[in-house]
Amino acid sequence: PEYYFVIERFRGVFLTILQRHEQAKSVYQSTLAKKDLDWAKVGLANSLANLGQIAEAEKIINQLLIASPNDTQVKTEAAYIKLKDSDIPAAISHLELASQIVPGNSERELIIVNLCLSVEDYTQALARYRLYLEINKDTYRNNDYSKLSLIRVILYQARFATNKAALLEEAKHHLRSVIGAENEAITHEIELIKAHISMELGFYRSAISLLKNLHNKECFQHFYATYHYAWLLNIMSVENEFNQAISWSSQNLGYESNQ
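Everything numeric in this text was worked out from a predicted model, so none of it was measured.

Overview of the overall build of the protein chain
- When helices and strands are tallied, the protein chain shows 14 helices and 0 strands.
- Its helices and strands in sequence order give the protein chain the pattern α-α-α-α-α-α-α-α-α-α-α-α-α-α, from N to C terminus.
- Going through the 259 residues of the protein chain one by one, you find that 43% of them count as buried.
- When contacts within the protein chain are restricted to residue pairs at least 6 apart in sequence, long-range pairs at least 24 apart make up 51% of them.

Examining the pattern of salt bridges
- Scanning the entire structure with this criterion turns up 14 salt bridges.
- The salt bridge partner of Arg11 is Glu8, with a shortest N-O separation of 2.8 Å. In this pair, Arg11 and Glu8 both sit in helix 1 (residues 4-17), 3 residues apart, roughly one turn of the helix.
- Accessibility expressed as a relative area gives 40% for Arg11, which makes it partly exposed.
- On the basis of relative accessibility, which here comes to 6%, the residue Glu8 falls in the buried class.
- For Lys82, the salt bridge is made with Glu58, and the minimal N-O distance between the two is 2.9 Å.

Some thoughts on the nonpolar core
- Judged by nonpolar contacts, the single largest core of 51 residues is most densely connected at Ile151, Leu155, Leu192, Ile193, Leu211, Phe220 and Tyr229.
- Of all the elements, helix 9 (residues 144-158) adds the most residues to this core, at 8 residues.
- Excluding residues that lie within four positions of it along the chain, Tyr229 makes contacts with Leu192, Leu211, His215, Phe220, Glu241, Ala245 and Trp248.
- Residues Leu15, Val27, Ala57 and Val74 belong to the second largest nonpolar core, which totals 21 residues.

A look at the packing of aromatic side chains
- Within the structure shown, the criterion is met by 13 aromatic pairs.
- Ring centres of Phe220 and Tyr229 lie 5.4 Å apart, and the angle between their planes is 45°; this geometry places the pair in the tilted category. The pair formed by Phe220 and Tyr229 is uniform in burial state, with each residue classed as buried.
- Measuring from centroid to centroid gives 5.9 Å for Phe223 and Tyr224, while their planes differ by 65°, and the two rings are edge-to-face.
- With a relative accessible area of 18%, Phe223 lands in the buried category.
- Its relative accessible area of 27% is what places Tyr224 among the partly exposed residues.

Details of helix 11 (residues 187-200)
- Helix length check: helix 11 (14 residues) gives 20 Å between terminal C-alpha atoms against 20 Å at 1.5 Å per residue, within 8%.
- Counting buried positions over the 14 residues of helix 11 gives 10, a clear majority of the element.
- Its buried side turned inward, helix 11 meets helix 9, helix 10 (164-179), helix 12 (204-217) and helix 13 (223-235).
- Directly beyond the C-terminal end of helix 11, a positive phi value near 90° is found at Gly202.

A closer look at the environment of Tyr229
- As for its placement among the helices and strands, Tyr229 is situated in helix 13.
- Sequence spacing of Tyr229 and Asn243 is 14 residues, and the spatial spacing of their C-alpha atoms is 11 Å.

Here's the deal with the packing of helix 7 (residues 106-118) against helix 8 (residues 122-135)
- Here helix 7 crosses helix 8 at 160°, and the two axes come no closer than 8 Å. In terms of their interaxial angle, helix 7 and helix 8 are classed as roughly antiparallel. At the point where helix 7 passes helix 8, the crossing takes the left-handed sense. Contacts between helix 7 and helix 8 pair Ser106, Glu109, Leu110, Ile112, Val113, Cys116 and Leu117 from the former with Tyr122, Gln124, Ala125, Arg128, Tyr129, Leu131, Tyr132 and Ile135 from the latter.
- Along the lines of polarity and charge, the residues of the contact of helix 7 with helix 8 split into 11 nonpolar, 2 polar and 2 charged.

Definitions and cut-offs
Residues numbered from 1 in each chain as written. Predicted model: local features only at pLDDT ≥ 70, side-chain atom pairs only at ≥ 80, totals over all residues. Heavy atoms only, no water. Helix = DSSP H or I, 4+ residues; strand = E, 2+ residues; numbered from the N terminus. Buried < 20%, exposed > 50% of the residue type's maximum accessible area, 1.4 Å probe, protein only. Contact = heavy atoms within 4.5 Å. Salt bridge = Lys/Arg side-chain N within 4 Å of Asp/Glu carboxyl O. Core = buried A, V, L, I, M, F, W, Y, C linked by side-chain atoms within 4.5 Å. Phe/Tyr/Trp six-rings, centres within 6.5 Å; stacked < 30°, edge-to-face > 60°. Expected span 1.5 Å × (residues − 1). Axes fitted to C-alpha atoms, helices over the stretch in contact; angles between N-to-C directions. Parallel < 35°, antiparallel > 145°, perpendicular 65-115°, else oblique. Left-handed = near helix turned anticlockwise from the far one by under 90°. Nonpolar A, V, L, I, M, F, W, Y, C, P; charged D, E, K, R; others polar.

Structure (structure tokens):
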């Protein structure tokens, strides 16, 4: 009996991971009937949001935001509910506040980067990704893939930036260090980045040739590379291949998505 609430908390989390949101909702409601616990309220709000009951979920979270304004779990859940309601700027705002309260959470920073990319706020995405790399400077996350992602975000920003030339030079500098690593697993991504740089420099024939070759190989195995490929095709108005790339992106995101 002394572990009852611990067990119920695990039960709610596991049911949520399994996407059994109606059952998770029942667990959190029965827990709250016995004891007023913030984690149960957060879990109930999450279940309601996943069941499409956004207004009810927001009511619970807004009460928690007033009662516990510095609770990062509450702010993270508030961001999730805003995402379910397709209000991405508000979601970003909640996560940024959580990062101010407890800085150094690399997963949260990466989420902010991705959300900024989704609303085409490339300046903020690049600033946040640089922070993400700084947090992970001496960890296993500081690898060739993180460097490739940095190059990608730099190139997204370069498309619309006034300091385009400087950003392209920085991207090329980072690319040279990755090429020197001789990691065969990232060969196709390097080719994709070369295509992007070629496009920005006005070498469209070279860019199209590289992209056609990559398309025929169907070689991108994770979301970030596939998204980059789709982004390039969209910029270049290549419709048929773009539709295929979006399909690949959805498949890869399904394989990689987490809670």
